Amino acid sequence: MATSDLAPVVAVHYGIPSTASILAFDPIQGLLAVGTLDGRIKVIGGGNIEGLLISHKALPFKHLEFLQNQGFLVSVSNENEIQVWDLEKRHISSNIKWESNITAFSVISGTNYMYLGDEYGFLSVLKYDAEEENILQLPYHVPPNLIADGAGIPLPDHQSVVGVLSQPCSGGNRVLIAYDNGLIILWDVTEDRSVHVKGFKDPQLKEGMVVSFSNNESHTYQNDSLDNEEVDKEISSLCWVSPDGSVLAVGYVDGDILLWDLSASDHGKGKITQKLPNDVVTIQLSSGDRRLPVIVLHWSSNKAQDGRGGQLFAYGGVNIGAEEVLTILDLDWSLGLAKLKCVERVDLKLHGFADLNVISNGYKADNDSGTSLFVLTNPGLLHFYEYDSLSILKSKIGKNHSAHAMQYHSVIPTVEPYMTMGKLYMMSSDINIFSSLSKTVSPAKQQPDGTQTIGSKSWPLTGGVPHQMSKTECYTIERIYVGGYQDGTVRIWDATFPVLSLVSRLEFEIKDSEVAGASTPISALDLCFPNLTLAIGNEFGVIFLYRLQGDSNQATVTIVTETKHVVHHYLSEERNHCHTVYSILNSPVRALKFTISGESLVAGFDCGQVAVLDTSSPSVLFVTDCVSISKSPVMSVAVKSCPDTCPNSVEKSDNGTESESAPEVVFVLTRDAHMVLMDSSTGNMISSRPMYPTENSTSISMHLLDVKHSLTEGSKSVSVTSSQHSKAESRPLQNDLSNVEARVPQNFGHKMLQSHILLCCEEAFYFYPFESVIQGDNNFVHKFELEKPCSWTTIFRRCAEKYGLIVVYQTGEIEMRSLPELKLLGNTSMMSILRWNYKNNMDKTMNASDKGQITLVNGNEFALVSLLAFEDELRPLLCLHDKVLAADADVIYFHSQKNAESSLPGFVSNVIKGLKGVKEEQNMNYKEAREMVIAHLESIFSRFPFSDPFNLEDLDLQIDDVDIDEPVPLASSSHETTDYIKEKETEREKLFEGSSTDTKPKVRTREEIIAKYRNTGDATSAASQAKDKLMERGEKLERLSIRTEELQSGAQNFAEMASELAKAMEKRKWWNI
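Just so it is clear, the structure is predicted and the values come from calculations on it, not from any experiment. (Residues numbered from 1 in each chain as written. Predicted model: local features only at pLDDT ≥ 70, side-chain atom pairs only at ≥ 80, totals over all residues. Heavy atoms only, no water.)

This brings us to the sheet that holds strand E59 (residues 847-848). One open sheet holds the 4 strands; their spatial order is E1-E61-E60-E59, and the pairing between them is antiparallel. Each edge of the open sheet carries a strand with a single partner, namely strand E1 (6-14) and E59. (Pairing = 2+ DSSP bridges. Helix = DSSP H or I, 4+ residues; strand = E, 2+ residues; numbered from the N terminus.)

Under the definition given, this model contains 18 aromatic pairs. Measuring from ring centre to ring centre gives 5.7 Å for Trp-299 and Trp-333, while their planes differ by 40°; the resulting arrangement is tilted. On the criterion of sequence distance, the pair formed by Trp-299 in strand E24 (residues 296-301) and Trp-333 in the loop between strand E26 (325-332) and strand E27 (341-349) is long-range, its members being 34 residues apart. Owing to a relative accessible area of 13%, Trp-299 belongs among the buried residues under this scheme. Taking 6.0 Å as the distance between ring centres and 70° as the angle between the ring planes, the aromatic pair formed by Phe-384 and Trp-459 counts as edge-to-face. Here the residue Phe-384 occupies a position in strand E30 (residues 381-387), and Trp-459 occupies one in the loop between strand E34 (457-458) and strand E35 (479-485), the gap between them amounting to 75 residues. Here the aromatic cluster, defined as three or more aromatic residues joined through ring pairs, consists of Phe-25, Phe-374, Phe-384 and Trp-459. (Phe/Tyr/Trp six-rings, centres within 6.5 Å; stacked < 30°, edge-to-face > 60°. Buried < 20%, exposed > 50% of the residue type's maximum accessible area, 1.4 Å probe, protein only.)

The next subject is the nonpolar core. One finds Tyr-115, Ile-185, Trp-187 and Phe-941 to be the most contacted residues of the largest nonpolar core, which totals 31 residues. Counting residues per element, the ones that place at least two in this core are strand E11 (113-118), strand E12 (123-129), strand E13 (134-142), helix H1 (144-151), strand E14 (161-166), strand E15 (174-179), strand E16 (184-188) and helix H12 (926-941). The biggest single contributor to this core is H12, with 5 residues. Formed by 28 residues, the second largest nonpolar core is a distinct cluster that contains Val-482, Val-490, Ala-518 and Val-557. (Core = buried A, V, L, I, M, F, W, Y, C linked by side-chain atoms within 4.5 Å.)

In this section: the side chain of Glu-664. With respect to the helices, strands and loops of the structure, Glu-664 is situated in strand E49 (residues 664-670). At 11 Å, Lys-593 is the nearest oppositely charged side chain to Glu-664, a buried residue that forms no salt bridge. A polar atom in the side chain of Glu-664 sits 3.2 Å from the backbone nitrogen of Ile-596. A polar contact is formed between the side chain of Glu-664 and the backbone nitrogen of Ser-597, at a distance of 3.4 Å. What Glu-664 contacts, discounting residues up to four positions off in sequence, is Thr-595, Ile-596, Ser-597, Val-639, Lys-640, Ser-641, Met-678, Asp-679 and Ser-680. (Lys, Arg positive; Asp, Glu negative; His and termini not counted. Salt bridge = Lys/Arg side-chain N within 4 Å of Asp/Glu carboxyl O. Polar contact = N/O pair within 3.5 Å; in protein donor to acceptor, adjacent residues only side chain to side chain. Contact = heavy atoms within 4.5 Å.)

Now for the sheet that holds strand E56 (residues 803-809). Strand order in this open sheet of 4 strands is E55-E56-E57-E58, and the pairing throughout is antiparallel. The two strands at the open ends of the sheet, each matched to only one other strand, are strand E55 (790-797) and strand E58 (824-829). The average undirected angle you get between the axes of adjacent strands in this sheet is 20°. Pairing of E55 with E56 involves 7 bridges; the strand directions are antiparallel. Bridge pairing links Thr-794 to Ile-806 in E56. (Axes fitted to C-alpha atoms, helices over the stretch in contact; angles between N-to-C directions.)

In this section: unusual backbone geometry. With omega at 0°, the peptide bond leading from Asn-378 into Pro-379 counts as cis. Residue Pro-820 is reached from Leu-819 by a cis peptide bond, and omega for that bond is 5°. Relative to the elements of secondary structure, Pro-820 occurs in the loop between strand E57 (813-818) and E58. Positive phi is not limited to glycine here, since Asn-841 has a value of about 65°. Following the sequence through the fold, Asn-841 ends up in the loop between helix H8 (830-834) and E59.

Further remarks concern empty space enclosed by the protein. Scanning the entire structure with this criterion turns up 6 cavities of 30 Å³ or more. For the largest cavity, the calculated volume is near 70 Å³. Every element with two or more residues in the lining of the largest cavity is listed here: H8, strand E60 (853-858) and strand E61 (861-868). The class makeup of the residues in the lining of the largest cavity is 10 nonpolar, no polar and no charged. (1 Å grid on protein atoms, 1.4 Å probe; cavity = no way out; pocket = protein on both sides within 12 Å on 5 of 7 lines; lining within 4 Å. Points joined across faces, edges and corners; volume = space filled by probe spheres on them. Nonpolar A, V, L, I, M, F, W, Y, C, P; charged D, E, K, R; others polar.)

Looking now at H1. Buried residues of H1: Pro-144, Leu-146, Ile-147, Ala-148 and Ala-151, and no others. Just beyond H1, the residue with positive phi is Gly-152, at close to 70°.

Structural measurements only, silent on function.
Laid out in structure tokens, this is it:
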């Protein structure tokens, strides 16, 4: 074993983390992404396909959005790191750290271009290059001073961009920029000018209409509350509320919602559109003076209203202290925005709202006019609503907001119902358990995968690529996962591939049965492989045996109690394949283990007693007294066969008759670390007395090892975490086995006597030879003390002769150690793998195969982690991006919208409408339309603002283009933003601090010159400007002469300063330079 063998991978993850906070949806691929507060992203598709993406830092995500149908997901962390996730490879493809605080972010729908706004008011454009796997910052960027100049308004310093949206139906030519002081600018990126300026102490706010929808009543009145106010209204959210981008909804911190009409005609370059009356309407959801900010706004258009109506979703705007609700308004302004009316209002009662995502109608067929939305609430609860009209929703939900909602249910439920036990089993290749289980349980108890429905509606998540088997490949279940629940049920999943599927659901149901406690929590499980019998124990002390193969028409069940046997006949409608029930002790079952042959079952109870049950009779072979004097609960039991290696041993005869079976030894471990051995057939104690390491030990588990070499004095060299052990802690094995052999059956072999037992306790690990346990000798041959309390251990094998130990501590740390030396080979933690903290009783649902595949449960999350690098059964992780679907998107949308006017998805059709020279797109498929949009955006953003990408090289520079007085501040990248706002230090201060300055004069670019001297007026203004420039030219020449004299007079001062600097540098040491 080597250190490199530890390479943990989350192969399977189900459930939404409780820290979920933000949603993103790809309607083409049918994928939903859920970002968390601890740096994880859960991606949910269809057919039980789910994946977990984990960032390298446990930070919240403030922005999350898909690059639709491209296989990438973009996230922005709280530390302003932009990450692009590759959904096919399930890792970060590219990431950059933005220097300033990102306050607004959006992806131009259907493209790989992104708008970014920061705390200093800069608008930047990013592009993700999939071929190069790189995020590029494009030349086009607009600093706030240029936006203010282009809009013809003053802009206060340090105004953050709080919202940035590409306008639909503009061909990507226009972007809406919102600042936190309430200023809204619709910017034309092709002409570098403002088209609309709204909200900047707009007089229309004083004259507009106010529509109050409080108390389920609508009141409209003229706004007179702002007549004497000049304060800014701080923006908290915004969204488009029309498919053509003509109306904008803006939510404010004071609880108001304003609808701005941006449909006024364009009057040419440099002209701010004339403000028309009633181009803004104020919506108030409550009449109180102190209202919550409107932090979320979403829109779903109504196709029947031709873009002049739909449903507005708002979170906030209600009175402070009111019940938490999501407000849905059915709005109609078909007669004009001034005559806005609310057709219906519904308040969905929520508990811990996190986020909302509305599925755009642009991705639906025309005959589907329903509304679809996801609502995320805490802790990690996902609801899906789909309804044809708001009135129907209102009538159905009543007081229960989830009555008409479809709730996400994990493939492996862990909370509802609550999972109490879980075990992972590797199946033999010659066992066809799938066909056996399919006959065991009625179809009504099997939950089909990916078919969640509510009424006629279906779950919209269909993405991901399931495992595809070849036609010649014969499918067999290689791995199953069995979960026991608090309600007494047991579920079995096929875990062969990283996409688990439910195979069976077992539940004991017999009318008029005499078995008490049949529905109590499951506490123990074990599977017998020879006959595929599943043993289930519960907290009431009842043990059920289910035959997972055989006659599917079994008619009876045998109930075994302390005093009698009862055979119960199933009714004709009952189909329960529990063939035996044992109810002998009224104590919780803590451990179950079949013998090697499968003919007997060993059960350990919480009261400290052990029972051996005959599964073929059925009957009770024996029940022991308490194994421990303190009546400590049984923690685990193990069974080991002891073949005789002597020459006179009985073997199988040539004629095929059965020989005498090898004896089987039962190892019993209690909570207080007492360990005893007994004969499985007679119940006789093999050990002379219980063995235990110390009085106060708390056991975790025990493992039986066939150690090739004894742990002699050489074991003292093993590194331990405490002080040096005494000689009693590490001693050689005894060679004389005569006394031991006298107390065990004659057919026990020497190989068994030379085995070792690894006892794992919370505080230390102990190695005992088998002979010491038989003698009741508490002296161990090796002790390994732990610095932190242990919680769970398991043995893994690389091959028949190489195996090791996996240790999980109560701190959540995980170690891999060699055996028998216990040398540390590697370590990791639950926090680094899954972002989980260890919780009490987590060990009860932890289980592992001998190949290092561990199952874990935490709250409503289930994970299967492959720890070992050489174990590749689960390494081909499922794919979250369907390339076939992406390539055939145009065909799919053509068929889904064949009755529509356009065969293109809504967002592509809207963008195409804004492209110049494109009149008809009916004959254009999705791929062609997207390529046209991408080419158009590339031509826009590959240039600097106020520049012509075609005539740029023809521009000649004159002396008037040289700025003598001061340099023009640049904002060409995010790295220069911070420098732009810092105060300049003097040259002397910079020199004596050891920093260097760039004394080379800065030459302005052509773009900056155009931005400053560009003439947007008529001929008269141009002549006036030329005259002014001529005068400025003379003044500049005069100032040049003056500056020359100043430079000459300052030369002496510079020489003195240089000399002084040289003296100062002489006194510095080399490490200060």
